[in-house]
Amino acid sequence: MKTLLVTSRVTFVPENYDALVAGLAACPQIGGLLVLENRTRKLFVKALGLAVAGAPRIGLQLLRNWFGPSARRRADTFAAAGKPVSMLPTVNSPDAVRLVRDHGFDLVLNARTRFIYKADILAAPRLGCINIHHGLLPEQRGTMCDLWALFEGRPAGFSIHVMISQVDAGPILVREQVSDGADRDYLAYLLKASRRELEVVTSHLRDIEETGRTRGSANSASLGRAMYQGPTFAQIRSMRRRGIRL
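Keep in mind the model is a prediction, meaning the values are calculated, not measured.

Visitor: Looking at this model, I keep getting lost on the pairing of strand S7 (residues 172-179). Mind explaining?
Guide: Consecutive residues of a regular strand have side chains that alternate between opposite faces of the sheet. For S7, a buried count of 6 out of 8 residues is recorded, marking the element as mostly surrounded by other parts of the structure. Pairing of strand S6 (residues 156-162) with S7 involves 6 bridges; the strand directions are antiparallel. In the sheet register, Ile160 faces S7, and the bridge partner there is Val174.

Here is the structure:
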């Protein structure tokens, strides 16, 4: 089985999510890396806004990852493993579909991109597309679900699910709790979670290769639930008052 790993050029995870991305270069089921170039003016302004409006550590982490050596580190790690690295502005382009088909990728694994996959890319790989969702499905749908869970004192973690046209609604393959809800340092939590993701993703890709399918448990209950969104500045201040380090 040959899997294409898709991720963003810049994330707000410490080490720019390389605990997972660079770590997966050694996974035999990963055959290549597609990096989506998300360094836009809008993201830069958002990073500055976070830095001055209540989440300084997240804002500065975004800027550090923006200018840091992660891109070269990822490319070198995959090159050393003999696996290609591509860069595109979006996963929904004809170039992305051609990349999947021309290189014979059987599966696409989405890891921390904000793109909603459209029909062409969803249909391109033989085994479909799966996503690492940073919340415990089916209860936690949307954006920054792990942060909201910690704020509310509830268990936080990630899920791996099949991607379909509806967001965060495909069958659930894996549901992994990382925190019981007591974590207060969000960046430390993110780094801990990304390292745990490497273990879980590696194991599950092996399972998919052995079974030849991506079947999971029903996620239909999530369709009726509200979706979380990134917190506003007022909500960030409320989180900080509750002891969440941002």
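Visitor: Which parts of the structure should I look at to understand the sheet that holds strand S4 (residues 107-111)?
Guide: Taken together, the 7 strands give an open sheet; going across it, the order is S3-S2-S1-S4-S5-S6-S7, and neighbouring strands pair in mixed fashion. Here the strands that pair on one side only, and so sit at the sheet edges, are strand S3 (85-88) and S7. Strand-to-strand, the axes of this sheet are offset by a mean angle of 20°, without reference to chain direction. Against the sheet, helix H4 (residues 70-80) makes contact with strand S1 (3-8), strand S2 (30-36) and S3, and its axis sits at roughly 160° relative to S2, the strand it touches most. Helix-sheet contacts for helix H5 (residues 94-102) involve S1, S2, S3 and S4, and the interaxial angle to S3 is about 160°.

Visitor: Would you mind showing me how to read the packing of aromatic side chains here?
Guide: How two aromatic rings sit relative to each other is set out by the distance from centre to centre and by the angle between their planes. As enumerated under the stated definition, the model contains 7 aromatic pairs in all. Residues Phe12 and Tyr186 carry aromatic rings whose centres are separated by 6.5 Å and whose planes lie at 35° to one another, so their mutual orientation is tilted. With Phe12 in the loop between S1 and helix H1 (18-21) and Tyr186 in helix H8 (residues 186-211), this residue pair connects regions lying 174 residues apart in the sequence. Tyr186 carries the same exposure label as Phe12, and that label is buried. On the numbers, 6.0 Å between centres and 70° between planes, the contact of Trp148 with Phe151 is edge-to-face. Of this pair, Trp148 and Phe151 both sit in helix H7 (residues 145-151), 3 residues apart, which is roughly one turn of that helix.

Visitor: Quick question: what am I supposed to make of the state of the cysteines here?
Guide: Chemically, a disulfide is nothing more than a covalent bond linking the sulfur atoms of two cysteines. Considering all chains together, one arrives at 0 disulfides under this definition. Just so you know, Cys27 is unpaired, no disulfide at all, and the nearest cysteine sulfur is the one on Cys129, 17 Å from it. On the accessibility criterion, Cys27 (3% relative accessible area) is buried. Here Cys145 is not disulfide-linked; the sulfur of Cys129 is the nearest cysteine sulfur, at 20 Å. Residue Cys145 is classed as buried on the basis of its relative accessible area of 1%.

Visitor: Honestly, H5 in this entry has me stumped. Any pointers?
Guide: Owing to its 3.6 residues per turn, the α-helix aligns residues three or four sequence positions apart on the same side. Listed as buried for H5 are Ala96, Val97, Leu99 and Val100. One side of H5 holds all its buried residues, which, seen down the axis, span an arc of 155°. Facing away from the buried surface of H5 by more than 90 degrees, the exposed residues are Pro94, Arg101 and Asp102. In the stretch just after H5, Gly104 is the one whose phi turns positive, near 65°.

Visitor: Quick question: what am I supposed to make of the environment of Thr143 here?
Guide: As for its position among the elements, Thr143 is in the loop between strand S5 (129-133) and H7. Taking the C-alpha atoms as reference points, Thr143 and Leu190, separated by 47 residues in sequence, lie 14 Å from one another. When sequence neighbours within four positions are dropped, the list of residues in contact with Thr143 reads Arg114, Trp148, Tyr228, Gln229 and Gly230.

Quick notes on the rules
- Residues numbered from 1 in each chain as written.
- Predicted model: local features only at pLDDT ≥ 70, side-chain atom pairs only at ≥ 80, totals over all residues.
- Heavy atoms only, no water.
- Buried < 20%, exposed > 50% of the residue type's maximum accessible area, 1.4 Å probe, protein only.
- Helix = DSSP H or I, 4+ residues; strand = E, 2+ residues; numbered from the N terminus.
- Pairing = 2+ DSSP bridges.
- Axes fitted to C-alpha atoms, helices over the stretch in contact; angles between N-to-C directions.
- Contact = heavy atoms within 4.5 Å.
- Phe/Tyr/Trp six-rings, centres within 6.5 Å; stacked < 30°, edge-to-face > 60°.
- Disulfide = S-S within 2.5 Å.
- Arc of directions from axis to C-beta.

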